[in-house]
Amino acid sequence: MKLKGIVCLYGPMGAGKTTFVKGLAEALSLPEMAIKSPTYTYIREYITPQHSVYHFDLYRLEGKPEVARNMVLEVLEKNPDLLLIEWAENLEKYLPEVRTDIYIQIKDENAREIRVEHITSQNA
């Protein structure tokens, strides 16, 4: 499977954003064990012969949207296949105009509700 684009993940702490990324990595045949939360490094890079995937965690950049934007712009220059952004709300007004937003809501300890929206420049 070949995916291309930007995916922004929203949800409270513990909702399963990184777990979602692990599942997506498995679907792409990326080594699932290699997928770790980039909370302290901000970004992790997963490059295989088939895919270039960049996984951001912007949790610690709350209130610093310009810093988050610059990090994302630097990676976009590499023309990645897939850019996954946890805590994308910390980009504020700098969110890419074309993207897929995924909202994960905790229903209970073992259940989540997921809503997916495709954003284009017309409805950004």
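Scroll up to find the structure this text is about.
Here the structure is a predicted model, which is why all the values come from computation and not from measurement.

1. Observations concerning the side chain of E86
- As for its position among the elements, E86 is in strand β4 (residues 82-86).
- Despite its burial, E86 pairs with no opposite charge, the nearest such side chain being K17 at 5.0 Å.
- Within polar-contact distance, the side chain of E86 engages the side chain of T18 at 2.8 Å.

2. Examining a negative patch on the surface
- Taken together, the side chains of E62, E66, E89 and E92 present a region of like negative charge at the surface.
- Tracing the backbone shows E66 in helix α2 (residues 65-76).
- Since its relative accessible area comes to 39%, E66 is described here as partly exposed.

3. Some points on unusual backbone geometry
- For N79, which is not glycine, the phi torsion reads 55° and is therefore positive.
- Mapped onto the secondary structure, N79 falls in the loop between α2 and β4.
- By relative accessible area, N79 is classed as exposed at 55%.
- Of note, the phi angle at E92 is positive, near 45°, even though the residue is not glycine.
- Within the fold, E92 resides in the loop between β4 and β5 (99-108).
- On the accessibility criterion, E92 (47% relative accessible area) is partly exposed.

4. Overview of the nonpolar core
- Within the largest apolar cluster, 16 residues are counted, with the highest numbers of intra-cluster contacts made by C8, F56, L58, V72, L83, I85 and L91.
- Taken together, the elements giving at least two residues each to this core come down to β1 (5-10), β3 (52-57), α2 and β4.
- Looking at this core, the element that brings in the most residues is α2, giving four residues.
- Apart from the residues lying within four places of it in its own chain, the contact partners of I85 are I6, V7, C8, L9, F56, L58, V72 and L91.
- V7, L30, Y46 and I104 belong to the second largest nonpolar core, which has 14 residues in total.

Definitions and cut-offs
- Residue positions are given per chain, counted from 1 along the sequence in the order it is written.
- In keeping with the model being predicted, local features are shown solely for residues with a pLDDT of at least 70 and side-chain atom pairs are shown and tallied solely at 80 or more, while totals for entire chains, interfaces and linings include all residues.
- Values reported for side chains reflect all heavy atoms of the structure, with hydrogen atoms and water molecules removed beforehand.
- Helix and strand definitions here come from DSSP, where helices need a minimum of 4 consecutive H or I residues and strands a minimum of 2 consecutive E residues; each element is numbered from the N-terminal end.
- Using a 1.4 Å probe on the protein chains alone, a residue whose accessible area is under 20% of its type maximum counts as buried, one over 50% counts as exposed, and one in between counts as partly exposed.
- The charged-residue count follows a simple rule in which Lys and Arg add positive charge and Asp and Glu add negative charge, with His and chain termini not counted at all.
- One speaks of a salt bridge when a side-chain nitrogen belonging to Lys or Arg is within 4 Å of a carboxyl oxygen belonging to Asp or Glu.
- Definition of a polar contact: a pair of N or O atoms within 3.5 Å, with one able to donate and the other able to accept a hydrogen when the atoms are protein atoms, and with sequence-neighbouring residues admitted only if both atoms are side-chain atoms.
- Without a salt bridge and with relative accessible area above 30%, a residue can belong to a patch; like charges are then joined within 9 Å and nonpolar side chains (Val, Leu, Ile, Met, Phe, Trp, Tyr) within 5 Å.
- A 1.4 Å probe and the Shrake-Rupley method give the accessible areas. Residues count as covered only by the protein chains that appear here.
- Positions of charges follow a simple convention, taking NZ of Lys, CZ of Arg, CG of Asp or CD of Glu.
- What we call a nonpolar core is a set of buried Ala, Val, Leu, Ile, Met, Phe, Trp, Tyr and Cys residues that are connected through their side-chain atoms within 4.5 Å.
- Here, residues are in contact when the closest pair of their heavy atoms is within 4.5 Å.

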